[in-house]
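The lines below spell out each chain.
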Amino acid sequence: MRTPRMVSCTAVLTSLVLLLAACGGGATPQAWASAVCQALGPWRTEISTLTARAQQQMSAETTPGAAQENLVRLFQGAKEASETARVGVERAGTPDVDDGEKVAQGFLTSLSGVRDAYDKALRGIEALDTSQAGAFYTGVEQVVTTLDSEYDKTALDTSSLQSEELREAFDQVPECR
């Protein structure tokens, strides 16, 4: 039987272990790279699939209403996939390397920007009037052009990430191959 004092000691020890772990400097480069690649792998696959579907939709002979429904669904899926990847990278924490916080934040900022770009595209498609096909498809082209531009702006600038340890980790861990 546990006494109140034993429970209290156990709680204090558990708290100390958690606190020390939190202050330990972050994940090893290999663990961090593995977690990031596990988050990004499914995201890349989903974005590729959704992009292919969007291209098919743009060339298919459908009504503006049907095209709008499909594009909304596709952009919603891309937005959700981007947020899922962002959360996965966030859960990876901070790599224990020089400028680890900057590195982690760069990944998170990039994924947040991608998510937001898809959200903006989603809202843009939803706002289009489907009563005139020509105007609708011109609007779709404008939304997609804006999406491409916003997507490019969110690209992670890896030139400022100079961690040799992380480069090696990304090259070595199986999840990143």
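What counts as what
- Residues numbered from 1 in each chain as written.
- Predicted model: local features only at pLDDT ≥ 70, side-chain atom pairs only at ≥ 80, totals over all residues.
- Heavy atoms only, no water.
- Helix = DSSP H or I, 4+ residues; strand = E, 2+ residues; numbered from the N terminus.
- Buried < 20%, exposed > 50% of the residue type's maximum accessible area, 1.4 Å probe, protein only.
- Disulfide = S-S within 2.5 Å.
- pLDDT = per-residue confidence, 0-100.
- Contact = heavy atoms within 4.5 Å.
- Expected span 1.5 Å × (residues − 1).
- Phe/Tyr/Trp six-rings, centres within 6.5 Å; stacked < 30°, edge-to-face > 60°.

Draft legend 1. Main features of the environment of aspartate 171. Along the chain, the position of aspartate 171 falls in helix 6 (residues 164-172). Overall, aspartate 171 belongs to the exposed group, its relative accessible area being 60%. Remark: the alpha-carbon pair of aspartate 171 and glutamine 30, spanning 141 residues in sequence, is separated by 9.6 Å.

Draft legend 2. Local environment of the state of the cysteines. Considering all chains together, one arrives at 1 disulfide under this definition. Two residues, cysteine 37 and cysteine 176, share a disulfide whose sulfurs are 1.9 Å apart. Its S-S torsion of about 100 degrees marks the bond between cysteine 37 and cysteine 176 as right-handed, since a negative value means left-handed. Taken together, the positions of cysteine 37 in helix 2 (residues 29-59) and cysteine 176 in the segment after helix 6 put the pair 139 residues apart, joining distant regions of the chain. For cysteine 176, a relative accessible area of 23% translates into the label partly exposed.

Draft legend 3. Region of interest: the confidence of the model for the chain. On average, the chain scores 83 in pLDDT, and the residues at 70 or more come to 84%. Segment residues 1-24: pLDDT under 50, and 4 contacts once partners within four positions in sequence are set aside and those in other chains are kept.

Draft legend 4. How the structure looks around helix 3 (residues 64-92). Over its 29 residues, helix 3 runs 42 Å from end to end, which matches the ideal 42 Å to within 8%, given 1.5 Å per residue. The first or second residue beyond helix 3 is glycine 93, which carries a positive phi of 80 degrees.

Draft legend 5. Region of the structure containing the packing of aromatic side chains. The tally for this structure, following the rule as stated, stands at 6 aromatic pairs. Ring plane angle 85 degrees and centroid distance 5.2 Å describe the contact between tryptophan 32 and phenylalanine 107, whose orientation is recorded as edge-to-face. Linking tryptophan 32 in helix 2 with phenylalanine 107 in helix 4 (residues 100-127), this pair joins segments that are 75 residues apart in sequence. For the pair tryptophan 32 and phenylalanine 107, one class covers both residues: buried.

Draft legend 6. Seen up close, the side chain of arginine 86. Tracing the chain through its elements places arginine 86 in helix 3. Assessed through its relative accessible area of 13%, arginine 86 is described here as buried. For arginine 86, the residues in contact, after removing those within four places along its chain, are Leu108, Leu111, Ser112 and Arg115.

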